[in-house]
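Coordinate analysis (summary)
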Amino acid sequence: MEYFQLSRLNLTDYLQSLPEIEHRFSSFDNLEIQEITDGNMNFAFVVRNKQEPSQSVFIKQAPPYIKVMGEQWPLTRQRMTAEINALNYQSSVCPEMLPELYYQSEALSVVIMQNLSQHDILRSQLIQGRYLPRLAEDLSTFLAETLFYSSSFALSSLEKKALMSDSHNHDMCKITEEFVFTYPFEHHEMNAYNPALSQAVIDSIQKNPLVRKHVADMKYTFMNKPEALLHGDFHTGSVMVNQLETFVIDPEFSFVGPMGFDLGALIGNLYLCYFSHAHHSSVESVNYSHWLLQTIDDIWYKFEGKFLSLWFEHEQSAPNAFMGKDLTGDSHQMFRQTFLEQLLADSLGFAACKMMRRILGVAKVPDLMQFEEQQFRAKLETQALKMATEMLLNRDSYKCIADVNKLAEGFAAS
């Protein structure tokens with residue numbers, strides 16, 4: 001089918017033409033179409049049967065440009081092909097964490113899936129101070145299963161190379177390389193600064209050769225460490241939650257890259273949320289701030305345990321372990337320990353870069369932007385930037401997340 005842009009005018013006819021969607025609605029005569037307008041990259045719609053509101057679907061389509069910028073900002077539709085491939089992979093290894101996929105079309109750059117009408121964006125729930133008892137358990141499961149099963153520990157060399165070949169996403173990777181690892185650190189015209197954030201704080205990052213060197217290390221790792229198939233943009237805006245369920249959405253930045261990038265993106269965004277709460281002295285805020293730090297701790301250690309279990313189980317059942325035969329009984333354990341220590345260091349480095357770019361770059365987070373008083377927001381931003389700098393420069397020295405949490409508490413109290 002030749003590409004055309006979906007709209008409120010043609011969406012009903014399009015849905016009615018798809019056999020995969022035919023049984024989703026008892027009637028196509030009373031469909032209500034709502035366009036979701038807050039996305040930057042793509043068009044999105046929710047379609048409901050007005051007579052049976054439980055009958056609904058969510059539709060996402062990638063145009064050949066950045067939606068919020070218009071046609072003068074062209075961008076290949078390959079991002080939707082990458083998202084479709086990622087959704088299919090993630091659904092195959094961790095189906096309980098993905099919305100049900102009803103239909104997909106690379107030709108039209110479209111996915112149609114379950115409408116998560118009973119769920120909210122994780123970021124908004126965290127900003128509101130909501131406790132989510134399943135969060136660490138669910139997100140650690142998603143990370144462990146998606147990262148392990150697409151790694152060289154689970155795949156043969158031939159399978160891994162095929163995955164890398166099939167999962168290229170050059171344009172979206174280039175966006176990350178520029179907007180996460182480059183522009184925020186060079187006073188680029190695309191950056192946006194809080195007017196109250198002191199130039200000395202900005203210069204402490206942009207004009208610090210040591211910081212720039214370590215950011216370059218992380219950029220090089222991002223570009224040259226194809227460890228697993230990543231979500232690629234795994235922040236608190238890419239997760240839908242309620243008290244009972246957690247769903248991961250929007251893997252349009254997916255590619256084969258360093259495992260720590262997904263872990264770090266999540267951890268960094270959770271630390272930014274922590275700074276948005278930790279300034280309050282009320283019992284409720286203190287307790288919630290502690291819960292956020294405990295959640296970060298739980299995510300890492302639950303991920304580590306689940307990843308190791310998958311690794312061990314795979315080596316017990318596979319004909320050939322990644323390292324080959326262990327003649328002493330200690331070699332595999334030593335390698336696993338060293339690998340996870342490096343993964344923690346990578347995750348902290350990427351978390352730091354993500355925190356810095358959310359403050360110095362163009363893409364802000366509502367966690368901090370909710371504070372309209374610029375001087376107060378600058379105080380929180382300065383705390384987060386100082387923590388991120390320390391975490392980046394010393395990422396190899398941290399052996400547990402608890403020590404990083406202490407770092408965050410120290411800067412939040414400053």
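Before going into details, it helps to say that this report is about the structure given with it. (Residues numbered from 1 in each chain as written. Predicted model: local features only at pLDDT ≥ 70, side-chain atom pairs only at ≥ 80, totals over all residues. Heavy atoms only, no water.)

**Concerning the pattern of salt bridges**
Put simply, the rule is: Every case where a carboxyl oxygen of Asp or Glu lies within 4 Å of a side-chain nitrogen of Lys or Arg is listed as a salt bridge. Only DSSP runs of H or I with at least four residues qualify as helices, and only runs of E with at least two residues qualify as strands; both kinds are numbered from the N terminus onward. Per-residue accessibility, obtained with a 1.4 Å probe over protein chains only, is compared with the maximum for each type, and a residue is labelled buried under 20%, exposed over 50%, and partly exposed between these values.
Applying the stated criterion to the full structure yields 14 salt bridges. Between R24 and E100 there is a salt bridge, with the nearest N and O atoms lying 3.5 Å from each other. In this pair, R24 is assigned in the loop between α2 (19-22) and β1 (31-36) and E100 in the loop between α3 (78-93) and β4 (101-105), connecting sequence segments 76 residues apart. Look at R24 and you get partly exposed, because its relative accessible area is 24%. Of the charged contacts in the structure, one is a salt bridge between D217 and K213, with a shortest N-O distance of 2.7 Å. With D217 and K213 both in helix α9 (residues 209-224), this residue pair falls 4 residues apart, about one helical turn. K213 gets classed as partly exposed once you look at its relative accessible area, which sits at 42%. A network of salt bridges, in which partner residues are shared, links K60, E83, D250 and E252.

**A short note on the sheet that holds strand β8 (residues 239-241)**
Keep this limit in mind: Only strands joined by at least two bridges in the DSSP assignment are considered to pair.
Taken in spatial order, the 3 strands make up an open sheet running β6-β8-β9, and their pairing is antiparallel. Looking along the sheet, the strands with just one partner apiece sit at the ends: β6 (120-121) and β9 (246-248). Bridging between β8 and β9 involves 3 bridges; their strand directions are antiparallel. Looking across to β9, one finds that V239 is bridged to V248.

No statement about biological role is implied by the geometric values presented.
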